[in-house]
Each structure stands twice: as structure tokens, then as C-alpha cells.
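This is what each chain is made of:
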Amino acid sequence: MSLLEDLVNINLSDTTEKIIAEYIWIGGSGMDMRSKARTLPGPVSDPSKLPNWNYDGSSTGQAPGDDSEVILYPQAIFKDPFRRGNNILVMCDAYTPAGEPIPTNKRFDAAKIFSHPDVVAEEPWYGIEQEYTLLQKDVHWPLGWPVGGYPGPQGPYYCGAGADKAFGRDIVNSHYKACLYAGINISGINGEVMPGQWEFQVGPAVGIFAGDELWVARYILERITEIAGVVLSFDPKPIQGDWNGAGAHTNYSTKSMRSDGGIDVIKRAIEKLGLRHKEHIAAYGEGNERRLTGHHETADINTFSWGVANRGASVRVGRETEKNGKGYFEDRRPASNMDPYVVTSMIAETTILWKP
């Protein structure tokens, strides 16, 4: 195995200028991440300088077998923490050969919203809290839980330390460093309320880049759990009963909200979110009704609410924002399996562009 590891870790820059680019895209389920690699003649830092590529969409549920070619458009470049050197990860979106975005390409519409002059002027910032659950590979039961049984009740696990409280920390720390290496603006990690569940935060990131960075952070986590022989779950309620679900709380601010008097802009934005509650819920992740029950730090899925420092509300405003009269708010409704392109652009559209 040591020879295999040596070969995997070869530094290509010692012998060639060629690099490996791992093209990443989102598959037909909207959550499955796909990738494949190609050789390029030299280092690239601008995605517009990368060639388009294609893949078999009939094998990902994104095209029929008799017309299966789907085209990848490179959109964002990150350093590759697995191959290192000048090698790169490339976040792509997907199009038909005629240049039309395929139905599962949610980035295309998000980019249109984020390029609107009114949205550009407001410089929307996002911080996304991505929760996830680590599962034992063969039984699909949370890491650290007795097979077919349950650990002690929730309480000691949130931000806990110790072999009986924190399960999978090596995976979490590896992911943290790999994201920093890649150039993702990962801002923190923590153990969550349910044992075997963790969270990482991406942001602040501006506009479309929040979606790019979160998707690549998810991809890196998938690759690390693959190496570790652990299954990664973004299910919003992986274990029924008195256990916390998994969300993707989305923190948001605009230039007006961050400026003096921004609290009034925040309140108006929250009011608009309340008016479109059903539309947002429909776009905030599959299976979210199992999570948004009004229990376990959630608001009921059918009722919109907001409050200061209230983790049982749909939208939370922080004490510091209230005190300063400006800042940001947190939309607590998105599920862990939400599409960040959809959620971030929808929040911007509702709060900046929509005129009720």
C-alpha cells in the first residue's frame, strides 16, 4: 500500500507542466455529485480559459439514451486538495449541445438573478450552515451509534469532546483543512446536537459564489468520506423520533442591511419572505416536512414566524444586529439537502427584486 500511496502522491510539477482538472457537476437527482478528470497542457486560473466537455447524460438521469450528450461549462476553479500541485477542481453547470441549460441546471437561473443590476448594487452576502450526518457504511446507521440501538439522549453531543460524544472528528477536520486549501471560504465547523451529525459553515460569500463554494465543499466531503469508508447523508431527518434533523440555515445581508438604519431594511425583507413562505418552502429541500415540525429548534413548516435570538422561528435576527441597528438575518427553513443556487437566488429575488 505504501507504493500505491507514493504513486497517488506523485508531484507532477517535477516532470511536466501538464495538470489534471477534475470537472464536477450535479447529477439527475439534484443532490448526486459527479466528476471526471482530464489532462490540460498547463496551469489555468480563469474558468473561461478552460475547454467545455461532455458526458453521458443517460447515465445520470439527465438525457435520453438516443440523445445522451450533455455539455459541461466550467464556471469556477478551486485548488485540488487530493492531487495538489497545480491540479484543480472545476465546478461546472450543464447544457444541451444547442446551448440550452438542462432542467437540473439551477445555476443558470441563479446567475441571471445575481447579475441583475439591482442585486449587484446590493452585494448580497451569504453564510450557509451545512449540517450533515455520517453513517456506518454497511448498515446506514449513524456513526458511533450501536448497530440496531441508540446512544444516550441528546445533550452532551453538541460541540462535545470525547470518544463517547464525538464521532468522526478526523473526517471533519480533514474536510476543514481541505476546503481551506481549495480556496473555499469555509468559516468554521462544529459537532451538532445529534451524535454523528456535524456542521460546516461557508461564507461570507457574495452572490453566485456562495452556491459554487458550498457545492464544491460538499464534493470534497463526499470524497473524504469515500476514503474513510463512511457514508455521507444530507437527509433532513435521518433518524425519526427525539433527534434533531439536519438543516442548511442561510445567513443573509445586503449592502443596505449592513448600513446604518439597516434594521428597517431587514424587517421589510423578512415581511416579504413571510408573504412568499409557501413558495420558499417548496424550494427549500425535499423531505423538509419531516424536519420542520415546531420541535428540535425548528418552526412548523406551515407557519411563518420571526424573532430576535429565537431558534424556534422561521427567521432569526441576532442580538447584535438588533443592538447595532444593522447587520444580517438567518433563514432557518432550508433543509440540509437544499440546492444553494436555488435558495440563495430566491432569497435575493424575494427581498430585492420582488414587488408585492
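Note that the structure is a prediction, hence the values are computed from the model and not measured.

Asker: Account for the sheet that holds strand 2 (residues 33-40), naming residues and giving values.
Answerer: The strand order across the open sheet built from five strands is 2-1-5-4-3, with neighbouring strands paired in mixed fashion. Each of the sheet's edge strands pairs with one partner strand only, and the pair in question is strand 2 and strand 3 (53-56). This sheet shows a mean twist of 40 degrees between the axes of neighbouring strands, independent of strand direction. Across the face of the sheet, helix 5 (residues 208-228) comes into contact with strand 1 (19-26), strand 2, strand 4 (69-79) and strand 5 (88-95) while running at roughly 115 degrees to strand 5.

Asker: I'd love a proper account of the state of the cysteines, names of residues and values included.
Answerer: Per the counting criterion, the structure on display carries zero disulfides. Among the cysteines around Cys-179, which has no disulfide bond, Cys-92 carries the closest sulfur, lying 18 Å off. For Cys-179, a relative accessible area of 0% translates into the label buried.

Asker: Quick one: what's the story with the domain arrangement of the protein, residue by residue and with numbers?
Answerer: What the domain assignment lists for the protein is domain 1 (4-104) and domain 2 (117-353). On a C-alpha basis, the centres of domain 1 and domain 2 stand 27 Å from each other. Each partner contributes to the interface: domain 1 provides 17 residues, whereas domain 2 provides 19 residues. Together, the buried faces of domain 1 and domain 2 total about 1700 Å²; carbon and sulfur atoms form 77% of this surface. Across the domain 1-domain 2 interface, the total number found is zero salt bridges. Along the contact surface separating domain 1 from domain 2 lie two residue pairs in polar contact (both at pLDDT 80 or more).

Asker: Give me helix 10 (residues 340-353): which residues, what numbers.
Answerer: Side chains three or four residues apart in an α-helix point the same way, a direct result of the helix having 3.6 residues per turn. Between its first and last C-alpha, helix 10 extends 19 Å over 14 residues, near the 20 Å set by a 1.5 Å rise per residue. With 11 of its 14 residues buried, helix 10 lies for the most part within the structure. Those residues of helix 10 that fall on the buried side of the exposure criterion are Pro-340, Tyr-341, Val-343, Thr-344, Ser-345, Met-346, Ile-347, Ala-348, Thr-350, Thr-351 and Ile-352.

Asker: Quick rundown of a nonpolar patch on the surface? Include the residues and the values.
Answerer: Together, Leu-3, Leu-7 and Ile-10 make up an exposed nonpolar region whose accessible area comes to about 300 Å². Within the fold, Leu-7 resides in helix 1 (residues 2-8).

Asker: Break down empty space enclosed by the protein for me, with residues and values.
Answerer: As enumerated under the stated definition, the model contains three cavities of 30 Å³ or more in all. Ile-26, Asp-93, Ala-94, Thr-104 and Asn-105 are, among the 13 residues lining the largest cavity, the residues nearest its centre. Those elements that place two or more of their residues in the lining of the largest cavity are strand 1 and strand 5. No other element matches the three residues that strand 5 contributes to the lining of the largest cavity. A breakdown of the residues in the lining of the largest cavity according to their chemical character gives six nonpolar, three polar and four charged. Each pocket or cavity is described by its volume, and for the second largest cavity that value is around 70 Å³. As for the second largest cavity, its lining consists of 13 residues, and the residues nearest its centre are Leu-12, Ser-13, Gly-85, Asn-86 and Asn-87.

Asker: I'd love a proper account of the packing of helix 4 (residues 169-182) against helix 5, names of residues and values included.
Answerer: In contact at an axis separation of 10 Å, helix 4 and helix 5 are set at 135 degrees when each is read in the N-to-C sense. Between helix 4 and helix 5, the angle falls in the class oblique. For the element pair helix 4 and helix 5, the recorded crossing hand is right-handed. Along the contact surface, helix 4 presents Ile-171, Ser-174, His-175, Ala-178, Cys-179 and Ala-182, while helix 5 presents Ala-217, Ile-220, Leu-221, Ile-224, Thr-225 and Ala-228. Split into classes, the residues belonging to the contact of helix 4 with helix 5 amount to nine nonpolar, three polar and no charged.

Asker: Provide a residue-level description of the layout of surface pockets, including the pertinent values.
Answerer: What the largest pocket holds in volume is close to 660 Å³. What lines the largest pocket is a set of 25 residues, and nearest its centre among them are Asn-9, Pro-81, Phe-82, Arg-84 and Ile-227. At the level of elements, helix 1, helix 4 and helix 5 are the ones that each hand at least two residues to the lining of the largest pocket. Here the lining of the largest pocket takes six residues from helix 4, the largest share from any one element.

Cut-offs and rules
Residues numbered from 1 in each chain as written. Predicted model: local features only at pLDDT ≥ 70, side-chain atom pairs only at ≥ 80, totals over all residues. Heavy atoms only, no water. Pairing = 2+ DSSP bridges. Helix = DSSP H or I, 4+ residues; strand = E, 2+ residues; numbered from the N terminus. Axes fitted to C-alpha atoms, helices over the stretch in contact; angles between N-to-C directions. Contact = heavy atoms within 4.5 Å. Disulfide = S-S within 2.5 Å. Buried < 20%, exposed > 50% of the residue type's maximum accessible area, 1.4 Å probe, protein only. Domains from an automatic or database assignment. Buried area = accessible area lost by both parts, 1.4 Å probe. Salt bridge = Lys/Arg side-chain N within 4 Å of Asp/Glu carboxyl O. Polar contact = N/O pair within 3.5 Å; in protein donor to acceptor, adjacent residues only side chain to side chain. Expected span 1.5 Å × (residues − 1). Patch = residues over 30% accessible without salt bridge, like charges linked within 9 Å, V, L, I, M, F, W, Y side chains within 5 Å. Areas by Shrake-Rupley, 256 points an atom, 1.4 Å probe, with all protein chains shown as cover. 1 Å grid on protein atoms, 1.4 Å probe; cavity = no way out; pocket = protein on both sides within 12 Å on 5 of 7 lines; lining within 4 Å. Points joined across faces, edges and corners; volume = space filled by probe spheres on them. Nonpolar A, V, L, I, M, F, W, Y, C, P; charged D, E, K, R; others polar. Parallel < 35°, antiparallel > 145°, perpendicular 65-115°, else oblique. Left-handed = near helix turned anticlockwise from the far one by under 90°.

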